Amino acid sequence: MLNAYLGLGSNIGDREAQLNEAIRILNNSNGVEVTNTSPIYETEPVGYVDQPQFLNLCLEVQTSLTAQDLLKLCMETEQQLHRVRDIHWGPRTLDIDILLYGNQIIDDSNLIVPHPRMIERAFVLIPLNDIATNVVEPHSNKKIGNLVTPDNSVKKYKK
């Protein structure tokens, strides 16, 4: 078993319900146990900005799955919640990214870990810091808590 960290986001439909359902699906999957969940943050879209705001959170999971099998599970979970990939960085019912997989560096054609843009995205870094402040990001060899800067700001979601 190793610790992995996932970033989840949703900006279509009942965003909070979709995040909660994704957590339930992942936690009920063989080889995965959700061990920690960050607060939910409401964030502006990045890249393609003509779309609704996102709800984002991060999960810590313990897993016996390989990184590729975890990626497959994440994509299957997105599909169960009706993810459509029409517009790059466009609206989605659910997005799940593998942010960290133990202390491994993975550079495959379909999976790059640590997630290549996580350090520059407050909507990932802030919730990740909530649950993994002392975890080391393997490229920089810095703790997640040391990667957060005053420029990183997002607001917690209030129902």
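Note that the coordinates shown come from a computational prediction; the quantities given were computed from them, not determined experimentally.

A. Representation of the packing of helix α1 (residues 15-27) against helix α2 (residues 67-80) in the model. Across the interface, α1 lies against α2 with an axial gap of 10 Å and an inter-helix angle of 135 degrees. With respect to α2, the axis of α1 lies oblique. In this structure, α1 crosses over α2, and the sense of that crossing is right-handed. Note on element contacts: α2 touches α1 through L73, T77 and Q80, opposite A22, I25 and L26. In terms of residue class, the contact of α1 with α2 is built from four nonpolar, two polar and no charged.

B. Looking closely at the pattern of salt bridges. This model, assessed by the stated rule, comprises two salt bridges. E42 serves as the salt-bridge partner of R15, at 2.9 Å between the closest nitrogen and oxygen. Placement of the pair is R15 in helix α1 and E42 in strand β3 (residues 41-43), with a sequence separation of 27 residues. Put simply, R24 and E21 hold a salt bridge, and the shortest N to O gap is 2.6 Å. Linking R24 with E21, this pair stays in helix α1, spanning three residues, or about one helical turn. Taking the relative accessible area as the measure of exposure, R24 reaches 43% and is therefore partly exposed.

Calculation rules
- Residues numbered from 1 in each chain as written.
- Predicted model: local features only at pLDDT ≥ 70, side-chain atom pairs only at ≥ 80, totals over all residues.
- Heavy atoms only, no water.
- Axes fitted to C-alpha atoms, helices over the stretch in contact; angles between N-to-C directions.
- Helix = DSSP H or I, 4+ residues; strand = E, 2+ residues; numbered from the N terminus.
- Parallel < 35°, antiparallel > 145°, perpendicular 65-115°, else oblique.
- Left-handed = near helix turned anticlockwise from the far one by under 90°.
- Contact = heavy atoms within 4.5 Å.
- Nonpolar A, V, L, I, M, F, W, Y, C, P; charged D, E, K, R; others polar.
- Salt bridge = Lys/Arg side-chain N within 4 Å of Asp/Glu carboxyl O.
- Buried < 20%, exposed > 50% of the residue type's maximum accessible area, 1.4 Å probe, protein only.

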